[in-house]
Amino acid sequence: PKVLLLENVKALVSKKFLNQFQSWIETLNDLGYESDWKVLNSSDYGSSQNRERVFLVSILKNKIKKKFTFPKISKKNKTLSEIIKIENSTEKLDLIKNFKISSFKTTSSNITKSKLLKYTTFNSEAYIYAPINKGPTLTASGANSRLKFYFEKNKQLRYMTPSEAFLYMGFEEDDYLKVKNTNLITKNKMLFLCGNSISVEVLESLFKEIIKCI
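Residues numbered from 1 in each chain as written. Predicted model: local features only at pLDDT ≥ 70, side-chain atom pairs only at ≥ 80, totals over all residues. Heavy atoms only, no water.

Participant: Help me understand a negative patch on the surface, please; the structure alone is not making it clear to me.
Facilitator: A contiguous patch of negative charge on the surface is contributed by Glu172, Glu173, Asp174 and Glu204. When you line up the elements, Asp174 lands in helix α5 (residues 173-180). (Patch = residues over 30% accessible without salt bridge, like charges linked within 9 Å, V, L, I, M, F, W, Y side chains within 5 Å. Areas by Shrake-Rupley, 256 points an atom, 1.4 Å probe, with all protein chains shown as cover. Salt bridge = Lys/Arg side-chain N within 4 Å of Asp/Glu carboxyl O. Lys, Arg positive; Asp, Glu negative; His and termini not counted. Charge placed at Lys NZ, Arg CZ, Asp CG, Glu CD. Helix = DSSP H or I, 4+ residues; strand = E, 2+ residues; numbered from the N terminus.)

The following block contains the structure:
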């Protein structure tokens, strides 16, 4: 192939795995590829999701017409309020009837979150998010596959819906409907699918730069 694209969790370039990662890059070099890698956050490319992933772009040296550079940060500023809306779901979690919540605070990543007090010692499971600003990484399993959003005005707490998950990953509503209408997978599997996906906004930005190179 003219171009290879690798995406993985940023731990791939941590001290524990960096030598193996560099070994793979050397193998690609021997096969004739020039490679560049960088950890990108989807929120820098128009997404409302903070999703840091490492991307490796490898292009055959004899096909390169222009040196590859990673895309510049986008000025688009999509927020959770455009995706997570109270009317999107009638399903409610009764947790707030049994557990008090701490004050909402906004992190340096622009995520506004609180915690269900005495709900669990597992912090990620106890977090609840305000549907404003940016949101956390959606994962295929674990606590972040069950993102909880609190609508303060209505005193309602609920999970992210499958349709919201598709939009959160950068897909369109039509993409969600195409999957839903097949009746092949459950709601939980649709969430799993999104948690395993790659930010569409990041891919589009990368593809535009790759096309310029070849």
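Moving on, there is more to tell.
Participant: Got a minute to help me understand the pattern of salt bridges in this structure?
Facilitator: Any two side chains of opposite charge can pair, so long as their charged atoms come close to each other. Taken as a whole and judged by the stated rule, the model has 11 salt bridges. For Lys67, the salt bridge identified is with Glu34, shortest N-O distance 2.9 Å. One end of the pair, Lys67, is in the loop between β3 (52-60) and α2 (95-98); the other, Glu34, is in strand β2 (residues 33-41), with 33 residues separating them in the sequence. Given a relative accessible area of 29%, Glu34 falls into the partly exposed group. A salt bridge links Lys212 to Glu209; the shortest N-O distance between them is 3.2 Å. One end of the pair, Lys212, and the other, Glu209, are both in helix α7 (residues 200-213), 3 residues apart, so they sit about a helical turn from each other. Because the salt bridges share partners, they merge into one network encompassing Glu34, Asp36 and Lys67. (Buried < 20%, exposed > 50% of the residue type's maximum accessible area, 1.4 Å probe, protein only.)

Participant: I tried to follow the sheet that holds β2 on my own but got confused; where do I start?
Facilitator: Sheet strands pair by backbone hydrogen bonding; their relative direction is either parallel or antiparallel. A sheet is described by the order of its strands in space; here 3 strands give the open sequence β1-β3-β2, paired in antiparallel fashion. The sheet is open, and its two borders are formed by β1 (3-9) and β2, each paired with just one other strand. Across the sheet, the mean angle from the axis of one strand to that of its neighbour is 15°, orientation sign disregarded. Pairing geometry for β2 and β3, over 9 bridges, is antiparallel. (Pairing = 2+ DSSP bridges. Axes fitted to C-alpha atoms, helices over the stretch in contact; angles between N-to-C directions.)

Participant: How should I be thinking about the pairing of strand β7 (residues 148-151) in this particular structure?
Facilitator: For a regular strand, side chains alternate in direction, first toward one face of the sheet and then toward the other. Judged by which residues are buried, β7 turns out to be covered on both faces: Lys148 and Tyr150 on one side and Phe149 and Phe151 on the other are all buried. Of the pairings in the sheet, the one linking β7 to strand β8 (residues 156-159) comprises 4 bridges and is antiparallel in character. Counted as the bridge partner of Tyr150 is Leu157 from β8. The hairpin turn running from β7 into β8, its antiparallel successor, is 4 residues long, and Lys155 in that turn takes a positive phi close to 55°.

Participant: What is the right way to read a nonpolar patch on the surface from this model?
Facilitator: Taken together, the side chains of Leu5, Phe207 and Ile211 define a hydrophobic patch exposed on the protein surface, amounting to about 280 Å² of accessible area. Inspection of the secondary structure puts Phe207 in helix α7. Phe207 sits in the partly exposed class, given a relative accessible area of 39%.

Participant: Whenever I open this one, unusual backbone geometry confuses me. Can you help?
Facilitator: Across the chain, the bulk of peptide bonds are trans and the bulk of non-glycine residues have phi less than zero. Notably, Asn110 is not glycine yet its phi reads approximately 70°, a positive angle. Within the element layout of this structure, Asn110 appears in the loop between β4 (105-106) and β5 (112-115). Despite not being glycine, Lys118 shows a phi value in the positive range, around 60°. Looking at the element boundaries, Lys118 is found in the loop between β5 and α3 (123-126).

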